[in-house]
Structures are given as C-alpha cells and as structure tokens.
Amino acid sequence: MKQVMFVELGMGVDLHGQDVTKAAVRAVRNAIERNSMPGMRALVDGDTGRMQVRVHLAVPADADRLDQEAVKAVFPYGAVTIHVTSGGMLAPSGIFLADKNDRNEQIYVVNAAVEVGI
C-alpha cells in the first residue's frame, strides 16, 4: 500500500461458542459500518480493485481457527490482506451454555484496525 487514506477501528465479541471468526467478523464490521468513502472511487480512477485494505486483528485465542476468507468477505471492494496478532481479550461469561456450543465460559473479544488506501 503506497498511501493509507483511512484507519478505522472496531471491536467484536462472541459471547458464547468461543468462535474467533465470528468475533473477528463483528470487529471489522464495527470498524467499517458507519463510514462512507465516496472519494475513493476517484482516487482509484473508478477501479475499486485498486483499493487496498489491510486488516489488523488482535485475537485472544484460536488464531489457527480464524477463517480469513470469512473476514475478507465482509469488504465489498478492494484487495484485502489480513494480519493476525495476539491481543484482544478473554473475559469470563459467568455461565456455560451447552445449547450455544460453549466449549468453556469465556467471551472472545477481537480488536480490529482497518487501513484503507491506494
């Protein structure tokens, strides 16, 4: 990416089921859902494939279970790359719910920083 134009931040949570992908998808949606970048089309001469999206995810556990393609699918435009680091948070939920596919009583919290540029 030659020039970063925007940085958007988000947080996503999976309360039950300990699904790091679900929390990551929610984090990137939280980062981008309240933004509009109408000027990006002009910056890429109408070719949205030239838009670069770099996603940084801080995940608390199960990085090997993260479905990066599911995270990439959140973005309607651009060439998306994913960078995963340790971080986020594991928090106690206080209850184990077998019907919600809980493996334990942990809440998964994922943080996202989304860079958009050309």
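Residues numbered from 1 in each chain as written. Predicted model: local features only at pLDDT ≥ 70, side-chain atom pairs only at ≥ 80, totals over all residues. Heavy atoms only, no water.

Under an unreviewed UniProt entry, the name given to the protein chain is Lin0512 family protein, and the source organism is Azospirillum thiophilum.

Draft legend 1. Broad picture of unusual backbone geometry. You will see that D45, though not glycine, has its phi angle at about 55°, which is positive. One can find D45 in the loop between α2 (40-43) and β2 (52-59). Of the residues examined, D45 reaches a relative accessible area of 66% and is grouped as exposed. For N101, which is not a glycine, the phi torsion comes out positive at approximately 65°. The topology assignment puts N101 in the loop between β4 (89-92) and β5 (106-117). For N101, a relative accessible area of 59% corresponds to the exposed category. (Helix = DSSP H or I, 4+ residues; strand = E, 2+ residues; numbered from the N terminus. Buried < 20%, exposed > 50% of the residue type's maximum accessible area, 1.4 Å probe, protein only.)

Draft legend 2. Representation of the side chain of D102. Within the secondary structure, D102 sits in the loop between β4 and β5. Within the buried core, D102 has no salt-bridge partner, and the shortest N-O distance to an opposite charge, that of R103, equals 7.8 Å. Apart from residues no more than four positions distant in its own chain, D102 is found in contact with H16, G17, Q18, I95, F96 and L97. (Lys, Arg positive; Asp, Glu negative; His and termini not counted. Salt bridge = Lys/Arg side-chain N within 4 Å of Asp/Glu carboxyl O. Contact = heavy atoms within 4.5 Å.)

Draft legend 3. Geometry of the layout of surface pockets. Estimated volume of the largest pocket: approximately 270 Å³. As for the largest pocket, its lining consists of 15 residues, and the residues nearest its centre are N35, M37, M51, P76 and Y77. Looking at the lining of the largest pocket residue by residue, the classes come out as 10 nonpolar, 3 polar and 2 charged. (1 Å grid on protein atoms, 1.4 Å probe; cavity = no way out; pocket = protein on both sides within 12 Å on 5 of 7 lines; lining within 4 Å. Points joined across faces, edges and corners; volume = space filled by probe spheres on them. Nonpolar A, V, L, I, M, F, W, Y, C, P; charged D, E, K, R; others polar.)

Draft legend 4. Quick peek at the pattern of salt bridges. Applying the stated criterion across every chain, the model contains 5 salt bridges. Across the pair R54 and E115 runs a salt bridge, and its minimum N-O distance is 2.5 Å. With a gap of 61 residues between them, R54 in strand β2 and E115 in strand β5 connect regions that are remote in the sequence. Residue E115 is classed as buried on the basis of its relative accessible area, which comes to 16%. For K72, the salt bridge is made with E69, and the minimal N-O distance between the two is 3.7 Å. With K72 and E69 both in helix α3 (residues 68-72) and 3 residues apart, the pair spans about one turn of that helix. Here K72 falls in the partly exposed class, since its relative accessible area comes to 26%.

Draft legend 5. Region of the structure containing a nonpolar patch on the surface. Residues M5, F6 and L43 make up a contiguous nonpolar surface patch of roughly 230 Å² in combined accessible area. Among the secondary structure elements, F6 is positioned in strand β1 (residues 4-14). Taking the relative accessible area as the measure of exposure, F6 reaches 34% and is therefore partly exposed. (Patch = residues over 30% accessible without salt bridge, like charges linked within 9 Å, V, L, I, M, F, W, Y side chains within 5 Å. Areas by Shrake-Rupley, 256 points an atom, 1.4 Å probe, with all protein chains shown as cover.)

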